[in-house]
Amino acid sequence: MGALDHLKHAARSTGRAATLLLVSVGFATASDLASYQVTGDAIIAPLGGRVGDPIRGRQLVLDRERGNCLICHQVRVDGQPFQGDLAPPLDGVGRRLSPGQIRLRLVDQSRLNRDTVMPPYHRLERLTRVAAQYQGRPVFSAQDIEDAVAWLDTLKE
C-alpha cells in the first residue's frame, strides 16, 4: 500500500482530521472550497478564517508542479532557474498589494481581468482544458491559499 492509499484509508477511518491531512499534502477536493466575499479588488477576510504559514506558502509558490507560479513570475530566490517573464515579478508584491489583494489574485484573477492567463487557484466553475486527474478539484485548498498569501506578503523588497 502506497502513501496515498494510507492517507485515503486514514481519511475513511478517522474522518475530518485525515481529510485535512490529505489537503496538506496536496490533494485538495471540491469540499475544500471556501466561500468568500470580494470587496473592491480584494478578499479581505482569510478563507475559512485560516491562518497562513509562510514557510509552507513559500514551498507551494516555488513548487513546479503544485503552484507553478515561476512559469510566469520571477522572484529572487536561490536555486530557482528558468523563471517566467509573462507576469509581474513577485519581488515586492507584499509592498505593492495588501494580503486581501494577493488573496483575490490567487483565488481568481479573472475577477479583476477577464483576459488574464493566470489560472484560478480556488475555483471550479467555468474551467476549460483541465486534465482528467484535476477535474473537480481546486488547485489550492483554502489553507494553501492562506499559506501562499502569508509568504507573498513577506516579499516587501
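Residues numbered from 1 in each chain as written. Predicted model: local features only at pLDDT ≥ 70, side-chain atom pairs only at ≥ 80, totals over all residues. Heavy atoms only, no water.

Undergrad: Where do I start with helix H5 (residues 99-108) in this structure?
TA: Think of an α-helix as 3.6 residues a turn; residues three or four steps apart then line up on the same face. Of all ten residues in H5, nine are buried, a share of seventy percent or more. Along H5, the residues that are buried comprise Gly100, Gln101, Ile102, Arg103, Leu104, Arg105, Leu106, Val107 and Asp108. (Buried < 20%, exposed > 50% of the residue type's maximum accessible area, 1.4 Å probe, protein only. Helix = DSSP H or I, 4+ residues; strand = E, 2+ residues; numbered from the N terminus.)

Undergrad: Would you mind going over the packing of helix H3 (residues 54-62) against helix H6 (residues 142-152) with me for this structure?
TA: For any two helices packed against each other, the geometry comes down to the angle between their axes and how far apart the axes lie. Packing of H3 against H6 leaves a shortest axis separation of 7 Å and a crossing angle of 100°. In terms of axis orientation, H3 runs roughly perpendicular to H6. Residues Pro54, Arg56, Gly57, Arg58, Leu60, Val61 and Leu62 of H3 form the contact with H6, whose participating residues are Asp144, Asp147, Ala148, Ala150, Trp151 and Leu152. Residue composition of the contact of H3 with H6, by class: eight nonpolar, one polar and four charged. (Axes fitted to C-alpha atoms, helices over the stretch in contact; angles between N-to-C directions. Parallel < 35°, antiparallel > 145°, perpendicular 65-115°, else oblique. Contact = heavy atoms within 4.5 Å. Nonpolar A, V, L, I, M, F, W, Y, C, P; charged D, E, K, R; others polar.)

Undergrad: I tried to follow the environment of Ile71 on my own but got confused; where do I start?
TA: Relative to the helices and strands, Ile71 resides in the loop between H3 and helix H4 (93-96). Sequence separation between Ile71 and Leu86 is 15 residues, and the spatial gap between their C-alpha atoms is 8.3 Å.

Undergrad: Can you walk me through the nonpolar core in this structure?
TA: In a soluble, globular protein the nonpolar side chains are often hidden away together inside. With 26 residues, the main nonpolar core has Val61, Val75, Ile145, Trp151 and Leu152 as its most contacted residues. Mapped onto this core, the elements with two or more residues apiece are H3, H5 and H6. Here this core takes six residues from H6, the largest share from any one element. The contact partners of Val61, leaving out residues within four places of it in the chain, are Asn68, Cys69, Leu70, Leu90, Ala148, Trp151 and Leu152. (Core = buried A, V, L, I, M, F, W, Y, C linked by side-chain atoms within 4.5 Å.)

Undergrad: Teacher, can you tell me more about the confidence of the model for the chain here?
TA: As a note on interpretation, predicted positions should not be read in detail where pLDDT is low. With 80% of its residues at a pLDDT of 70 or more, the chain has an overall mean of 83. Low confidence marks residues 13-25, where pLDDT is under 50. Its contacts with residues over four positions away, or in another chain, come to 19 contacts. (pLDDT = per-residue confidence, 0-100.)

Undergrad: I keep staring at H3 and nothing clicks. Help me out?
TA: Looking only at H3, the buried set comprises Arg56, Gly57, Leu60, Val61 and Leu62. The N-capping residue of H3, defined by a side-chain oxygen 3.0 Å from the backbone nitrogen of Ile55, is Asp53. (Polar contact = N/O pair within 3.5 Å; in protein donor to acceptor, adjacent residues only side chain to side chain.)

Undergrad: Looking at this structure, how should I read the environment of Asp144?
TA: Tracing the chain through its elements places Asp144 in helix H6. Between the alpha carbons of Asp144 and Leu47 there is a distance of 9.8 Å; along the sequence they are 97 residues apart.

Undergrad: Teacher, can you tell me more about the pattern of salt bridges here?
TA: When the charged atoms of two side chains with opposite charge come close together, those side chains can pair. Per the stated rule, a full pass over the model turns up ten salt bridges. Note that Arg105 is salt-bridged to Asp41, the shortest N-O span being 3.9 Å. Of this pair, Arg105 sits in helix H5 while Asp41 sits in the loop between helix H2 (16-24) and H3, and the two are 64 residues apart along the sequence. Here Asp41 falls in the partly exposed class, since its relative accessible area comes to 31%. Arg56 is the partner of Asp144 in a salt bridge, and the nearest nitrogen-oxygen pair spans 2.8 Å. With Asp144 in helix H6 and Arg56 in helix H3, the pair connects residues that are 88 residues apart, well separated along the chain. With a relative accessible area of 1%, Asp144 lands in the buried category. Connected through shared salt-bridge partners, Arg56, Arg66, Asp144 and Asp147 make up one network. (Salt bridge = Lys/Arg side-chain N within 4 Å of Asp/Glu carboxyl O.)

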